[in-house]
Amino acid sequence: MARGSRDLIRTVWPAAEFEFADFTSRPPQVPWGQVRSLVRERVTGRLGMKRWLEGFDLVWDTRSGDSFSDLYGAHRHSVMSAVHEFAVQARRPVVMAPQTIGPFTSTRGRALARRSLRRSALVFARDPVSAGAAAALGRPVDATTSDLAFAIAPPERVGPPRDVILNVSGLLWQENPHVDARAYREAVQAIVRMLLSRSRSVAVLPHVLDSHDRDNDAPAVDALAAEFGSDLELLVPADLDDARSIIAGSRVLVGARMHACLNALSTGVPAIAMSYSRKFAPLLDAIGWPFSVPAEDTGTETAARVVELLADPSLPESARRSQALGRTSMSPVRPALAWLSFPR
């Protein structure tokens, strides 16, 4: 999200400078952890949050791509909405970057979303369903685009070409609110066995690297490596550029991390998506990509469907078309940003 944001904004303002902030990279002026801490700082000004926000020309709110929702809990939605609100109060234009909007399942969640939308200088949705959710809350979007991955410059292909890259999601590997973790683990294991039995080579790629955060892919990758040993190639990218270069050099990616799939499609590589939430289908449909399977099915059903899709001869050409559609979809953002006014 950060790289796509930077690359897109610099097509409008080439000399733009950026400061990135989120839950894991918190500026000292913004007590990001709790709503009450943010409110206390807004009242006292002890840390200088308002002055810090006033120092920017633009606040670009990505909500991590899919966190403008109460799907991940009221706390996350409330904290992100509070930061958005205080940026508006600092008289900075705040833009809702291309992202999923909704679902909002609670009265409080809808109220917070309505306020953020109405207080935004511009709102972009990355799929038509999200655009409809914004309109239902009284603030139609300024444009419907695709994901910010399509704004990232294409990578160089380095290293040897590979056949199938498997992105295994640490989020789904453990107990989670989205799918049956046991069925997901069985599906991944069955996909590997089926592909190896067909003499396909498989490389496993963590897309969320090992960290203190429980939601990372390393434990799942380690479990697969322990089970299959040298039959699997293990790829641990050093950074985003490395990951995109590795993916760009493969024939196809199978993944349950949506941005692993989008990093593939945005480089013209087919991606079989193991979709587990509402964010997948509308976004992929909008770029003409039908190759996904529901991750909530039983393990063997999911695996069989994935292997069947991998044999589709139309995958390469379809991926190139979806890449072109995704890149073209970002075009409306540039003139909209160029028309923004910046109060002093």
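Everything below is about the structure shown above.
Thresholds, definitions, all that
Within every chain, residues take consecutive numbers counted from 1 along the sequence as written. With pLDDT at 70 or above as the cut-off, local features in this predicted model cover only qualifying residues; side-chain atom pairs require 80 or more to be listed or tallied, and sums for whole chains, interfaces and linings still use all residues. Based on all heavy atoms of the structure, the side-chain values leave hydrogens and waters out of the count. The convention used is that axes are lines fitted to C-alpha atoms, helices contributing only their stretch in contact, and that angles between N-to-C directions extend from 0 to 180 degrees. The helix and strand labels rest on DSSP assignments: H or I over at least four residues marks a helix, E over at least two residues marks a strand, and numbering proceeds from the N terminus. An angle below 35 degrees is treated as roughly parallel, one above 145 as roughly antiparallel, one from 65 to 115 as roughly perpendicular, and anything else as oblique. By convention the crossing between two helices is left-handed if the near helix lies anticlockwise of the far one by an angle smaller than a right angle, and right-handed if it lies clockwise. Two residues form a contact once any of their heavy atoms are found within 4.5 Å. Three categories are distinguished: nonpolar for Ala, Val, Leu, Ile, Met, Phe, Trp, Tyr, Cys and Pro, charged for Asp, Glu, Lys and Arg, and polar for the others, with Gly belonging to the last. Buried means the residue's accessible area, taken with a 1.4 Å probe over protein chains only, is under 20% of the maximum for its type, while exposed means over 50%, and partly exposed covers the values in between. Two strands qualify as a pair provided that DSSP identifies no fewer than 2 bridges between them. A clockwise path from the first strand over the helix to the second, with the strands pointing away from the viewer, defines a right-handed crossover. Cavities and pockets are found on a 1 Å grid laid over the protein atoms alone: a cavity is a set of points where a 1.4 Å probe fits but cannot escape, a pocket is an open set with protein on both sides within 12 Å along at least five of seven lines, and a lining residue has an atom within 4 Å of such a point. Grid points are joined across faces, edges and corners, and a volume is the space filled by probe spheres set on the points.

A. Structural context of the packing of helix α2 (residues 35–44) against helix α4 (residues 74–89). In the contact formed by α2 and α4, the axes pass within 9 Å of each other and the chain directions differ by 15°. The orientation of α2 relative to α4 falls into the category roughly parallel. Crossing of α2 over α4 shows left-handed handedness. Between α2 and α4, the residues in contact are Val35, Leu38, Val39 and Arg42 and Ser78, Val79, Ala82, Val83, Phe86 and Gln89, respectively. Classifying every residue of the contact of α2 with α4 gives seven nonpolar, two polar and one charged.

B. View of the pairing of strand β9 (residues 271–275). Counting buried residues in β9 gives five out of five residues, a clear majority hidden from the surface. Here β9 shows two buried faces, one formed by Ala271, Ala273 and Ser275 and the other by Ile272 and Met274. Judged from the three bridges that link them, strand β8 (residues 250–255) and β9 form a sheet pairing that is parallel. Bridge pairing in β9 links Gly255 to Ala273. What joins β8 to β9 is helix α11 (residues 258–265), and the crossover it makes is right-handed. Examined bridge by bridge, β9 and strand β10 (residues 292–294) share three bridges and lie parallel to one another. By the bridge assignment, Ala273 is partnered in β10 with Ser292.

C. A look at the layout of surface pockets. One number sums up the size of the second largest pocket: a volume of about 200 Å³. Considering the residues around the second largest pocket, the lining is formed by 15 residues, among which Asp7, Ala151, Ile152, Ala153 and Arg327 are closest to the centre. Every element with two or more residues in the lining of the second largest pocket is listed here: α1 (2–9) and α10 (240–248). Tallied by class, residues from the lining of the second largest pocket come to six nonpolar, two polar and seven charged.

D. A look at unusual backbone geometry. The peptide bond linking Gly102 to Pro103 adopts the cis configuration, its omega dihedral lying at 0°. Positioned with a positive phi, Arg63 is a non-glycine residue whose angle comes to about 45°. Residue placement: Arg63 occurs in the loop between β1 (59–61) and α4. In this model, Arg91 sits at a positive phi of 60°, which is unusual for a non-glycine residue.

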